[in-house]
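# Structural overview
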Amino acid sequence: MAEVVEFRVPAASAQTLLVWGLEPEPGLEHSLFSVFSKFGPLYSVRAHRNAAVAGPGYYAIIKFYSAGDASRAQRACNGQRLFQKSPLKVCVCTKQKGFQQQVLALHSNKCQELANHYFGFNGWSSRIITLQNVSGFDGGNEELGETLQKRSVKYLCAVEVTLPNHGVRTRGVALGEADIENSEDPLEFVTATRRVQKLAVGKALSSAFQKILLVVLENGKVAVEYDSTQEELTDSLTEEDLKGLVQVSELALEQFDLEEEVLSDLSFDDELPSREMPSN
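### Notes on the pairing of strand S2 (residues 16–22)
Bridge count between S2 and strand S4 (residues 58–64): six bridges; the pairing is antiparallel. Considered in S4, the bridge of Val19 is made with Ala60. Of the pairings in the sheet, the one linking S2 to strand S5 (residues 89–92) comprises four bridges and is antiparallel in character. Bridge pairing in S5 links Val19 to Val90.

### Some details on the side chain of Ser44
Tracing the chain through its elements places Ser44 in strand S3 (residues 42–49). Setting aside its immediate chain neighbours within four residues, Ser44 contacts Ile61, Ile62 and Lys63.

### Observations concerning the sheet that holds S5
The antiparallel open sheet is built from four strands, whose spatial order is S3-S4-S2-S5. Here the strands that pair on one side only, and so sit at the sheet edges, are S3 and S5. Ignoring strand direction, the axes of neighbouring strands in this sheet form an average angle of 15 degrees. One ladder, built from seven bridges, connects S3 with S4; its direction is antiparallel. Its bridge partner being in S4, Arg46 is matched across the sheet by Ile61. Against the sheet, helix H1 (residues 28–36) makes contact with S2, S3, S4 and S5, and its axis sits at roughly 140 degrees relative to S3, the strand it touches most.

### Re unusual backbone geometry
Phi is positive for Leu82, which is not a glycine, with a value near 55 degrees. Take Leu82: it is sitting in the loop between helix H2 (67–77) and S5.

### Side note on the pattern of salt bridges
Tallied over the full model, the rule gives six salt bridges. With its nearest N and O atoms 2.2 Å apart, the salt bridge here joins Arg72 to Asp69. Note that Arg72 and Asp69 are positioned in helix H2 at a spacing of three residues, about one turn of the helix. Overall, the relative accessible area of 38% leaves Arg72 in the partly exposed class. A relative accessible area of 9% means that Asp69 is categorised as buried. For Glu177, the salt bridge is made with Lys154, and the minimal N-O distance between the two is 3.8 Å.

### Details of the environment of Ala115
Note that Ala115 resides in helix H3 (residues 108–119). When the C-alpha positions of Ala115 and Leu214 are compared, they lie 9.6 Å apart, and in sequence the two are 99 residues distant. The contacts of Ala115, once residues within four sequence positions are left out, are Phe7, Gly120, Trp124 and Phe209.

Cut-offs used in this document
- Residues numbered from 1 in each chain as written.
- Predicted model: local features only at pLDDT ≥ 70, side-chain atom pairs only at ≥ 80, totals over all residues.
- Heavy atoms only, no water.
- Pairing = 2+ DSSP bridges.
- Helix = DSSP H or I, 4+ residues; strand = E, 2+ residues; numbered from the N terminus.
- Contact = heavy atoms within 4.5 Å.
- Axes fitted to C-alpha atoms, helices over the stretch in contact; angles between N-to-C directions.
- Salt bridge = Lys/Arg side-chain N within 4 Å of Asp/Glu carboxyl O.
- Buried < 20%, exposed > 50% of the residue type's maximum accessible area, 1.4 Å probe, protein only.

As structure tokens, then:
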């Protein structure tokens, strides 16, 4: 039976494993990752200390992108010792009562990890179509008498993702924004500008991946479908139109403010995340 895997934060209970009976040890999450990642790509591994009433030890929550991978891991690992002396208990979280999961766009770093797993490093590419400074295009929202010590920097980015082996191209457009506390400080301005540029590129890349559906077959092969329900007005524009996007007054900038997961370890020292296909 085929399964559809999306470039979104896993929210279904069938994609989540609960592991308990864990013994405290250094690098516990790393040990769990080493074992469970053999069954498929993981979104997250989180180990927690047991509540006082449950006695000493730890439990872990492991999120897979694929419910099928989670199910295989549960069957193979439940009751096994794996990396410790006592056997572990592993179950699929079939119910999550009283908690409504919000489906978030997958962070661009995670999108690239997932794409590398299913397509291979050379099986996809991305490129920046345009990266525009749109600061001040939001209609002059400054209040009368407000000083210029604090202002915001905004960049609008359009990115294209290509899957040559599947004949699929998708686009994403997103807005990056940050406030500058002291606009007279050139170092702060440059740092904020670089941060916003990378934020806009990453969010646009994530937006492009949202339109790709991975159809994972039983034999492990992967088919790709374009999710037309995620189409945006900008998908029908030419590249020249995209580069002049800020001049189209009917397109509000707020619609490109993609809501996605937040990764605290994102570094802004790296190059902007665009990757071309290597030449043969």
